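Observations on the model geometry
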Amino acid sequence: MQLTVWTYEGPPHVGAMRVATAMEGVHYVLHAPQGDTYADLLFTMIERRDKRPPVTYTTFEARDLGTDTAALFQRTLISAYERFQPQAMLVGASCTAELIQDDPAGLAKAAGLPVPVIPLELPSYQRKENWGAAETFYQIVRTLAGPQGPTADRQRRDSACRPTCNILGPTALGFRHRDDVAEITRLLGETGIDVAVVAPLGASPQDIARLGEADFNVVLYPEIAGVAAKWLKRTFDQEFTTVVPIGHGATRDFVAEVRSLAGLAEPQPAGAADAGRAARPASNLPWFSRSVDSNYLTGKRVFVFGDATHALAAARVATEEFGFTLCGLGTYSREFARDIRAAAERYGVEPLISDDYLDVEQAIAAAQPELVLGTQMERHIAKRLGVACAVISAPVHVQDYPARYSPQMGFEGANVLWDSWVHPLVMGLEEHLLGMFRDDFEFHDAAKPSHLGSGARVAAEPATVGAAAQVPPSGPAQPGDGELISLDWLTEAEAELRKIPFFVRGKARRNTEKFALERGLSEITVETLYDAKAHYSR
């Protein structure tokens, strides 16, 4: 375990909480000290849920360690059952409680409760949140859909009935999971497939027992549902999807895959009556990415980092549908490191497998992208580096749980991707245009923006004309290494620098200062700026 200011994933019991909170009729009893109850805030403050997670803590204190903490756990378990009357219970220990080895599984079995009690063995010092969610969902499915579920040699559905599937993977505190489920449910319905069960989000223990009745499973989030889907395949001979429908191309591939799994014939060409409806595109993304006003996006360098599902999907969309150039690809999901490495090899970039945000920051700075697609932490990193950023993956903050409908998956999700990824670059272009017309009588610094009415002028970017840049030496060792070297930007050079678009200005400044340092220059002139541009354009 590593002490850090930021972390991409919490301990595995937080993953278990995400599954329990997503479900109905399930209660989680967690053997934990007082300090581990912080996880409630993740759901009520960040996700804005209107009720607390269905979790009861033993909340033992330091003075309890000299007494019988096992008895405390058993009393808490029985009390939670009597108070909440759940249809199934989960029991486990937090990372701190794991050290005292009270055996929640054995204690729960000895309590003899009249509902299924599912013990969770989650090694807090070897595994993390997504693994904990996947293991919890797997244990729930194995327990509730096993003996009670249909047999593996179940009868196939009547050919006159529509095929059915389960949607697996969405949880509480997931990135746009609620909207993804709504979008994919609608898409499946239009394809001719009914959804039997969505799990864990909104599922009850009775719903889990019916999982084996569907024809196949749709795995939206492999990090969460991959293990359970493989168990359902072995037990009930249910196939499962492998395409995650993020982006226009992937959604088309997903529709073709589910039609194949459902045994549906290829759709017939639309007749004259449906020609108008068929002519309307399912998503605006393909045309927008080909339109004239989007040509400036072509070739933009993009760095992608997040959970494996969203990182792999974002890399495909960025390169195949936006025309971006991938300059970095990584994930904090070590269980999917092989998939990321294989994708990075296809794109010709170096893979980054790390859960240390400092490693990620260093990789982003070295790659010098024009856009970062990442998590909430990459948003902060990009802000410090002066690079545009869009959030594509958990962990996220409260602003990434919008009140509006905003899926990442399906054809409507492709539209959302276009808006959210291009917006940071468009804002940079607008800043550049304002800079170009700064001396115009309507656009000079003292003029009030027309869209702000008669209000006060927004403070302009602090002037740095004539400022000395303090830059650490780079390249071969020079006399006096270890001290900061002062670089003076002349007024003319600084004015010329400000003509460069906002979203690449920081990169131009860094390259110019590096160029000057390598040549022992203490002043940066306009000539130095253009010499550096010519040097790095070769």
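Structural notes, computed from the coordinates. The model shown is predicted, which means the values in this text are computed figures rather than measured ones.

1. So, the environment of Leu-326
Turning to its location among the elements, Leu-326 is positioned in strand β10 (residues 325–331). Judged by its relative accessible area of 8%, Leu-326 is buried. Measuring from C-alpha to C-alpha, the distance between Leu-326 and Arg-316 comes to 9.4 Å, with ten residues separating the pair along the chain. Among all residues touching Leu-326, those that are not within four sequence positions of it are Val-302, Val-304, Ala-315, Thr-319, Tyr-347 and Val-349.

2. Some thoughts on the sheet that holds β10
Here five strands make up an open sheet; going across it, the order is β11-β10-β9-β12-β13 and the pairing parallel. Pairing within the sheet leaves two strands with one partner each, and these edge strands are β11 (351–353) and β13 (388–391). Here the strands of the sheet are splayed against their neighbours by 20° on average, with no regard to which way each runs. Taken together, the six bridges between strand β9 (residues 301–306) and β10 define a ladder with parallel strand orientation. Within β10, the residue paired with Phe-305 across the bridge is Gly-330. Across the face of the sheet, helix α15 (residues 376–385) comes into contact with β9, β12 (371–374) and β13 while running at roughly 170° to β13.

3. Some points on the packing of aromatic side chains
The full count for this structure, using the stated rule, is seven aromatic pairs. Plain terms: the ring middles of Phe-305 and Tyr-332 are 6.4 Å apart, the flat faces sit at 50° to each other, and that makes the pair tilted. Here Phe-305 is found in strand β9, whereas its partner Tyr-332 is found in the loop between β10 and α13 (337–347), with 27 residues between them in sequence. Across this residue pair, the class does not change: Phe-305 and Tyr-332 are buried. Residues Phe-322 and Phe-324 carry aromatic rings whose centres are separated by 5.3 Å and whose planes lie at 40° to one another, so their mutual orientation is tilted. The exposure class assigned to Phe-324 is buried, which follows from its relative accessible area of 4%.

4. Some thoughts on helix α4 (residues 104–111)
Within α4, burial applies to Pro-104, Leu-107 and Ala-108. Seen along its axis, α4 keeps its buried residues to an arc of 100°; they face one direction. In α4, the exposed positions that point more than 90 degrees away from the buried face belong to Lys-109 and Ala-110. Summarising the contacts, the buried residues of α4 are in contact with α3 (69–84), β3 (88–93) and β4 (117–119). Directly after α4, the chain includes Gly-112, whose backbone phi takes a positive value near 65°.

5. Some thoughts on the packing of helix α5 (residues 129–144) against helix α8 (residues 222–236)
At a minimum axis separation of 7 Å, α5 and α8 run at an interaxial angle of 30°. One finds that α5 runs roughly parallel with respect to α8. In the crossing of α5 with α8, the sense of the turn from one axis to the other is right-handed. Note on element contacts: α8 touches α5 through Glu-223, Ile-224, Ala-225, Val-227, Ala-228, Trp-231 and Leu-232, opposite Asn-130, Ala-133, Ala-134, Phe-137, Tyr-138, Val-141 and Arg-142. Each residue belonging to the contact of α5 with α8 can be placed in one class, and the counts come to eleven nonpolar, one polar and two charged.

6. A few points about helix α9 (residues 248–262)
Compared with the 21 Å implied by 1.5 Å per residue over 15 residues, the 21 Å span of α9 between its first and last C-alpha is a close match. Positive phi appears at Gly-263, one or two residues downstream of α9, with a value of about 75°.

7. Here we look at the nonpolar core
Counting residues in hydrophobic clusters, the biggest one holds 116 residues, and the most contacted among them are Tyr-28, Ile-208, Leu-329 and Trp-421. Those residues in contact with Leu-329 that sit more than four places away from it in its chain are Val-304, Ala-311, Ala-315, Ile-340, Ala-343, Ala-344, Tyr-347, Val-349, Glu-350, Pro-351 and Leu-352. Grouped together as the second largest cluster of nonpolar side chains are twelve residues, Ala-70, Leu-77, Ala-108 and Val-115 included.

8. Details of the packing of helix α14 (residues 357–367) against α15
At a minimum axis separation of 10 Å, α14 and α15 run at an interaxial angle of 45°. One way to sum up the angle between α14 and α15 is to call them oblique. Here the hand of the crossing between α14 and α15 comes out right-handed. Note on element contacts: α15 touches α14 through Met-377, Glu-378, Ile-381, Arg-384 and Leu-385, opposite Tyr-357, Val-360, Glu-361, Ile-364 and Ala-365. Classifying every residue of the contact of α14 with α15 by side-chain character gives seven nonpolar, no polar and three charged.

Parameters at a glance
Residues numbered from 1 in each chain as written. Predicted model: local features only at pLDDT ≥ 70, side-chain atom pairs only at ≥ 80, totals over all residues. Heavy atoms only, no water. Helix = DSSP H or I, 4+ residues; strand = E, 2+ residues; numbered from the N terminus. Buried < 20%, exposed > 50% of the residue type's maximum accessible area, 1.4 Å probe, protein only. Contact = heavy atoms within 4.5 Å. Pairing = 2+ DSSP bridges. Axes fitted to C-alpha atoms, helices over the stretch in contact; angles between N-to-C directions. Phe/Tyr/Trp six-rings, centres within 6.5 Å; stacked < 30°, edge-to-face > 60°. Arc of directions from axis to C-beta. Parallel < 35°, antiparallel > 145°, perpendicular 65-115°, else oblique. Left-handed = near helix turned anticlockwise from the far one by under 90°. Nonpolar A, V, L, I, M, F, W, Y, C, P; charged D, E, K, R; others polar. Expected span 1.5 Å × (residues − 1). Core = buried A, V, L, I, M, F, W, Y, C linked by side-chain atoms within 4.5 Å.

No statement about biological role is implied by the geometric values presented.
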